[in-house]
Amino acid sequence: MLLRRATDAELPEIVDLVNVAFRGSEGWAVEFRVVEGPRITLEGLRADIAAKPDALQLVWRDEVDGGLVGSVWMEPLGEGVWYLGLLCVNPAAQTKQLGRALLAASEEAAKEQGATRMRISVMTIRDTLMAWYERRGYVKTGEIKPFPYGDTSVGIPLRDDLEFAVLEKEL
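Summarised in this report is the structure supplied together with it. (Residues numbered from 1 in each chain as written. Predicted model: local features only at pLDDT ≥ 70, side-chain atom pairs only at ≥ 80, totals over all residues. Heavy atoms only, no water.)

Reading across from one edge, S1-S3-S4-S5-S6-S9-S7 is the order of the seven strands in this open sheet, with mixed pairing throughout. In this open sheet, the two strands that pair with only one neighbour each are strand S1 (3-5) and strand S7 (139-146). Averaged over all pairs of adjacent strands, the angle between strand axes in this sheet comes to 30°, irrespective of strand direction. Across seven bridges, the pairing between strand S6 (residues 117-123) and strand S9 (residues 163-170) is antiparallel. (Pairing = 2+ DSSP bridges. Helix = DSSP H or I, 4+ residues; strand = E, 2+ residues; numbered from the N terminus. Axes fitted to C-alpha atoms, helices over the stretch in contact; angles between N-to-C directions.)

Next comes the structure, spelled out in structure tokens:
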């Protein structure tokens, strides 16, 4: 797998992939009927990249046809801890264990940057997704973060009980 930093020209395609992977109606990891609207926008992604120059927006392309298979956002938090977010695989390819390959490659990329621990946030109501990360070595820290109600840049919540569990993994 070749996981590499995204170019500016690839950002619109990444936005499309993230939005279909998180907010589409297909695939086991979607937020369908939980949050609606775009998960990210092109303007928001560009702003995040500009504000966090040490962060990595990585892409994984098919080696044969060049199609976008997956993407992930990673950023250093300090003291060897990196945050991993927006990990997604094209929903049409989600049953091929590509997500676990992308996660493992992302962890390796972070280790190459000096990471010793990876941190993620998962909506507490997404039991299946949380269990998926736990099977890959992530452990709940006990920390809970509120959902950003009122911040439409991450979508419009359809429930009033949303929050995030923080999980970590030693690398």
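Bringing the packing of helix H1 (residues 11-23) against helix H2 (residues 42-51) into the picture now. Following both chains from N to C, one finds H1 and H2 inclined at 115°, their axes separated by 9 Å at the closest point. Here H1 is positioned roughly perpendicular relative to H2, judged by the angle of their axes. When you trace H1 past H2, the crossing you get is right-handed. Residues Leu11, Pro12, Ile14 and Val15 of H1 touch H2, and the partners they reach there are Leu42, Leu45, Arg46 and Ile49. (Parallel < 35°, antiparallel > 145°, perpendicular 65-115°, else oblique. Left-handed = near helix turned anticlockwise from the far one by under 90°. Contact = heavy atoms within 4.5 Å.)

Take the packing of aromatic side chains next. A complete count under the given rule lists four aromatic pairs for this structure. Aromatic side chains Tyr133 and Tyr138 sit 5.6 Å apart centroid to centroid with 80° between the ring planes, which places their arrangement in the edge-to-face category. The pair Tyr133 / Tyr138 is uniform in exposure class, with both members buried. Where Phe147 meets Phe164, the ring centres are 5.8 Å apart and the plane angle is 15°; that geometry is what we call stacked. (Phe/Tyr/Trp six-rings, centres within 6.5 Å; stacked < 30°, edge-to-face > 60°. Buried < 20%, exposed > 50% of the residue type's maximum accessible area, 1.4 Å probe, protein only.)

Here we come to the environment of Leu42. The residue Leu42 is located in helix H2 in this model. Leave out the neighbours within four places in its chain, and Leu42 touches Leu11, Pro12 and Val15.

Bringing the pairing of strand S3 (residues 56-61) into the picture now. By the criterion of burial, S3 is predominantly enclosed, with six of the six residues buried. Burial along S3 is two-sided: Leu56, Leu58 and Trp60 and Gln57, Val59 and Arg61, pointing in opposite directions, are all buried. In this sheet, S3 lies alongside S1 in antiparallel orientation, the contact comprising three bridges. Across the sheet, residue Arg5 finds its bridge partner in S3, namely Leu58. Bridge count for S3 against strand S4 (residues 68-78) is six bridges, and the pairing is antiparallel.

So far we have only geometry, and geometry alone does not tell us how the molecule works.
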